Amino acid sequence: MTSVRSLGDVAEPAADDRCPCCPHPLSLHDVIARRFCLATAAGGFSRGCTCATKPETTE
């Protein structure tokens with residue numbers, strides 16, 4: 001059985017795990033969210049978060 005980590009309520013991430021664009025720790029990003037957030041930071045864009053806030057309800 002795999003454990004599901006919810007991104008809904010986010011505690012302050014460790015300094016080395018902070019996402020430069022959203023409140024979620026980088027360690028909890030999936031591949032798409034990590035790429036989106038890192039590209040957002042690199043491009044200097046201001047856009048919303050793509051992190052799944054309730055991964056337990058998505059397939």
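Whatever comes next refers back to the structure up there.
No experiment lies behind these values; they were computed from the predicted model shown.

Q: A description of the environment of valine 31 should follow, citing residues and the corresponding values.
A: For valine 31, the location among the structural elements is in helix 1 (residues 31–43). With relative accessibility at 71%, the residue valine 31 sits in the exposed group. Along the chain, valine 31 and cysteine 51 lie 20 residues apart, while their C-alpha atoms are 9.9 Å from each other.

Q: Can you explain the environment of cysteine 21? Please cite residues and give values.
A: In this fold, cysteine 21 is placed in the segment before helix 1. The class for cysteine 21 is partly exposed, based on a relative accessible area of 30%. Between the alpha carbons of cysteine 21 and alanine 39 there is a distance of 9.5 Å; along the sequence they are 18 residues apart. Not counting chain neighbours up to four residues away, the residues in contact with cysteine 21 comprise Cys37, Thr40 and Ala41.

Q: Before we move on, can you summarise the state of the cysteines with the specific residues and values?
A: Any covalent bond linking the sulfur atoms of two cysteines counts as a disulfide. Applying the stated rule across the entire model yields zero disulfides. Unpaired in this structure, cysteine 19 has its nearest cysteine sulfur neighbour in cysteine 37, at a distance of 3.7 Å. You can see cysteine 49 has no disulfide; the closest cysteine sulfur is in cysteine 51, sitting 3.4 Å from it. Judged by its relative accessible area of 38%, cysteine 49 is partly exposed.

Q: Outline the packing of aromatic side chains, listing residues and values.
A: Summed over all chains, the structure comprises zero aromatic pairs. The lysine or arginine in question, arginine 47, covers the ring of phenylalanine 36, its NZ or CZ lying 4.2 Å from the ring centre.

Rules and cut-offs
Residues numbered from 1 in each chain as written. Predicted model: local features only at pLDDT ≥ 70, side-chain atom pairs only at ≥ 80, totals over all residues. Heavy atoms only, no water. Helix = DSSP H or I, 4+ residues; strand = E, 2+ residues; numbered from the N terminus. Buried < 20%, exposed > 50% of the residue type's maximum accessible area, 1.4 Å probe, protein only. Contact = heavy atoms within 4.5 Å. Disulfide = S-S within 2.5 Å. Phe/Tyr/Trp six-rings, centres within 6.5 Å; stacked < 30°, edge-to-face > 60°. Lys NZ or Arg CZ within 6 Å of the ring centre and 35° of its normal.

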